[in-house]
Every structure is written in structure tokens, then in C-alpha cells.
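Structure assessment
One-letter residues, chain by chain:
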Amino acid sequence: MSLFELKDVSRTFGKAPNEVRAVDGVSLDIEPGEFVCLIGPSGSGKSTLLQLLGGMDRPTSGVVSFEGQDLGSMSDSALAGVRLKTFGFVFQQFNLIPTLTAAQNIEAALAPTGIKPDDRRRVAQERLEEVGLGERAPHLPSQLSGGEQQRVAVARSLANDPRVIFADEPTGNLDRRTGQEIIELLGWLSGEHGATLVVATHDQELAKASSRVVAIEDGHTEAVR
Ligand code: ADP
């Protein structure tokens with residue numbers, strides 16, 4: 001059994017004649033430990049596919065299964081539980097809470113898991129050190145560069161020791177060199193933590209770091225390597 005098994009998955013928005021087939025008949029398996037890059041131009045369906053994989057959305061038709069469980073037919077609370085315990089997310093806009101420090105942003109992600117406050121603080125500090133920002137723990141996002149904010153977001157995505165990390169255009173708001181560093185960090189840390197990594201990007205260069213490239217165009221996928 002693969003980690004993810006997608007069978008003829010479609011996600012449409014709106015009604016005919018204005019229906020948009022954002023994801024259109026995708027069948028795809030992802031194995032544990034892979035670093036998969038979903039690559040395609042803007043509007044090709046990358047975010048929608050990532051949201052289906054990450055249990056943030058449900059397919060209109062077809063099956064998205066994770067470890068043999070059909071995510072599309074789970075209750076909202078069961079799906080929220082899978083997201084919280086097994087998935088980590090990194091976004092283009094970093095999505096840090098502006099009024100919380102770097103450390104508190106990570107602690108906040110751990111709060112719903114029921115881990116004790118002392119342990120939350122310890123894990124937050126450990127994760128910040130892993131991304132090279134141990135000394136930035138008390139800083140607010142506004143006191144950090146874009147690359148540093150994204151590193152905090154990477155640290156936060158790893159807080160719960162997830163089995164899968166999803167990153168949606170994680171370099172879209174960064175210059176090329178900083179973006180490359182973020183991709184390398186994601187690749188390295190997901191390996192260290194034994195997590196599978198799925199990154200959506202429009203940038204061919206960034207795809208080079210991955211173990212597998214899946215091209216997406218008009219909602220259709222195609223294996224590249
Ligand atoms: P990408 O991430 O590759 O830029 P998206 O998955 O965001 O692509 O979008 C794929 C297509 O689906 C686009 O045409 C987009 O406008 C459309 N789309 C995505 N989300 C919605 C939505 N919530 N409502 C309507 N159309 C949507």
C-alpha cells in the first residue's frame with residue numbers, strides 16, 4: 001500500500017457552463033519518504049491538488065486515500081485530527097501570527113495537541129534551532145526577514161513530527177537564493193524527521209532538489225521523473 005493513493009480524482013468549482021475543472025481525473029501514488037515536486041504554471045491546479053492531499057478539501061469525484069483511509073469520506077473532525085497529528089503545512093505567505101513571537105508561533109501550533117506548556121516551549125526551541133534560528137525565538141515576525149519568517153514556518157510545520165509536509169509555493173515571496181535555501185532546508189529536515197514532502201511550485205529550478213517531479217497542466221498530471 002502506498003502512502004497516498006489517488007484514483008481518478010477531480011475537483012470542480014462552480015456550475016456549467018462556467019464550471020472550472022481545477023483537478024481533472026488525477027491518478028497518482030506517493031510512497032513514504034518521497035520528496036515530490038508538483039510543477040505547473042499558475043492556475044494549473046497545484047494548490048487544489050495539495051489541498052486534496054492535505055485533507056483541507058474534498059474531491060468532487062474519485063478517491064484520495066492516505067494510509068488506506070479515504071480522506072474524502074471522513075467526518076470533518078476525523079479529518080481535522082489527521083491534519084493536526086500527521087500533516088504539516090508551509091505556505092507562500094508564511095502565515096505566521098504577527099502578534100506572537102517566533103517561539104510562540106510554534107507553541108500555538110502545538111497547543112491543540114494537548115502537549116504540556118513546558119514541553120511546547122522545549123519543542124519550539126528545538127525546532128527553531130534546527131532551522132538555525134534559536135536566537136530569534138523572542139522576535140516577532142515583523143522583526144525577521146522573509147527568509148527567516150519562512151524558516152520559522154518550516155520549524156512550525158515540523159512541530160508535531162508530521163508524517164507528511166505540504167508546501168504550497170514556499171519560495172514565491174522570496175528571492176531566488178533564499179528560496180533555494182528554503183527548499184534545501186525542507187528537503188533535509190523532512191529527511192531527518194522521516195517525513196514525506198510534497199511541494200507545489202511553478203519554478204523548474206526548485207524541482208531539481210526533489211526525488212520526483214509530477215507536472216500538472218489544466219488539472220491533469222504527468223510523471224516527469
Ligand atoms: P495553481 O495552484 O496551480 O495556481 P489552483 O489550484 O489555485 O492553481 O487553481 C486551479 C484552477 O481552479 C484555477 O482556474 C482557479 O481559478 C480555480 N479555482 C481554484 N480554487 C477555486 C475556488 N475556490 N473557486 C473557484 N475556482 C477556483
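Report follows, based on the coordinates. (Residues numbered from 1 in each chain as written. Predicted model: local features only at pLDDT ≥ 70, side-chain atom pairs only at ≥ 80, totals over all residues. Heavy atoms only, no water.)

1. Digging into the side chain of Glu-169
Definition in use: Helix numbers and strand numbers start at the N terminus; a helix is a DSSP run of H or I with at least 4 residues, a strand a run of E with at least 2. Type-normalised accessible area, obtained with a 1.4 Å probe on protein chains alone, sets the label of each residue: buried when under 20%, exposed when over 50%, and partly exposed for intermediate values.
Here Glu-169 lies in the loop between strand S7 (164-168) and helix H6 (176-192). Overall, the relative accessible area of 10% leaves Glu-169 in the buried class.

2. Focus on the sheet that holds strand S5 (residues 69-70)
In sheet architecture, strand pairing relies on hydrogen bonds along the backbone and comes in two forms, parallel and antiparallel. Threshold: What makes two strands pair is DSSP finding at least two bridges between them. Residues count as neighbours in contact if any of their non-hydrogen atoms are within 4.5 Å of one another. The axes are straight lines fitted to the C-alpha atoms, using for helices just the contacting stretch, and the angles between their N-to-C directions are given from 0 to 180°.
Here we have 4 strands laid out as an open sheet, ordered S2-S1-S4-S5, and antiparallel in their pairing. For this open sheet the edge positions go to strand S2 (20-30) and S5, each flanked by a neighbour on one side alone. Packing against the sheet, helix H1 (residues 46-53) makes contact with strand S1 (4-13), S2 and strand S4 (61-66), and its axis sits at approximately 125° to S1.

3. A word on the environment of Asn-173
Applicable threshold: Each polar contact in these results corresponds to two N or O atoms within 3.5 Å; when the atoms are within protein, one needs to be able to donate a hydrogen and the other to accept it, and residues that are neighboring in sequence are counted only if both atoms are side-chain atoms.
Mapped onto the secondary structure, Asn-173 falls in the loop between S7 and H6. Here Asn-173 falls in the partly exposed class, since its relative accessible area comes to 38%. Sequence separation between Asn-173 and Glu-148 is 25 residues, and the spatial gap between their C-alpha atoms is 12 Å. Excluding residues that lie within four positions of it along the chain, Asn-173 makes contacts with Gln-92, Gln-93 and Phe-94. Within the local environment of Asn-173, its side chain forms a polar contact with the side chain of Gln-92, the two groups lying 3.2 Å apart.

4. Here's the deal with the site of the ligand
Test applied: Here a residue counts as near a molecule or strand whenever at least one of its heavy atoms sits within 4 Å of it. All residues other than Ala, Val, Leu, Ile, Met, Phe, Trp, Tyr, Cys, Pro, Asp, Glu, Lys and Arg, Gly among them, are scored as polar; the first ten of these are nonpolar and the last four charged.
Around the ligand, the surrounding shell consists of Phe-13, Val-20, Ala-22, Pro-41, Ser-42, Gly-43, Ser-44, Gly-45, Lys-46, Ser-47 and Thr-48. In the environment of the ligand, an oxygen atom lies 3.1 Å from a nitrogen or oxygen atom belonging to the backbone of Gly-45. Note that an oxygen atom of the ligand is positioned 2.9 Å from one of the side-chain N or O atoms of Lys-46. Elements that contribute at least two residues to the shell around the ligand include exactly S2 and H1. Counting residues per element, the shell around the ligand draws most heavily on H1, at 3 residues. Each residue belonging to the shell around the ligand can be placed in one class, and the counts come to 4 nonpolar, 6 polar and 1 charged.

5. Some words on unusual backbone geometry
Residue Pro-17 follows Ala-16 across a cis peptide bond; omega there is 5°. The phi dihedral of Asp-8 is positive, around 50°, even though this residue is not glycine. By secondary structure assignment, the location of Asp-8 is in strand S1. With a relative accessible area of 49%, Asp-8 lands in the partly exposed category. Unusually for a residue other than glycine, Glu-67 sits at a positive phi of about 50°. Residue placement: Glu-67 occurs in the loop between S4 and S5.

6. Quick word on the environment of Ser-145
For Ser-145, the location among the structural elements is in the loop between helix H4 (117-130) and helix H5 (146-157). On the basis of relative accessible area, Ser-145 is assigned to the partly exposed category, the value being 37%. Residues Ser-145 and Leu-174, spaced 29 residues apart in sequence, show a C-alpha to C-alpha distance of 9.7 Å.

7. Comments concerning the nonpolar core
For the record, the criterion: Side-chain atoms within 4.5 Å are what join buried Ala, Val, Leu, Ile, Met, Phe, Trp, Tyr and Cys residues into a set we call a nonpolar core.
Membership of the largest hydrophobic core comes to 37 residues, with the highest contact counts inside it found for Leu-128, Val-131, Val-152, Val-154, Ile-165, Leu-186 and Val-199. Elements that contribute at least two residues to this core include exactly strand S3 (35-39), helix H3 (102-110), H4, H5, S7, H6, strand S8 (196-201) and helix H7 (204-207). Top element by residues in this core is H6. It accounts for 5 residues. If near-sequence neighbours (up to four positions away) are discounted, Ile-165 is found in contact with Gly-88, Val-90, Ser-157, Leu-158, Leu-186, Ser-190, Ala-195, Thr-196, Leu-197 and Val-198. The next biggest cluster of nonpolar side chains, apart from the first, holds 28 residues, and it includes Val-9, Val-36, Val-198 and Ile-216.

8. Focus on the sheet that holds S7
Spatial strand order, S6-S7-S8-S3-S9-S10: 6 strands in an open sheet with mixed pairing. Each of the sheet's edge strands pairs with one partner strand only, and the pair in question is strand S6 (87-91) and strand S10 (220-223). With strand direction ignored, the average angle separating the axes of adjacent strands in the sheet is 20°. When S7 meets S8, the two strands line up parallel, connected through 5 bridges. Of the residues in S8, the one forming a bridge with Val-164 is Thr-196. Contacting S3, S6, S7 and S8, H6 runs over the sheet at an angle of about 160° to S8.

In short, shape yes, function no, at least from these values alone.
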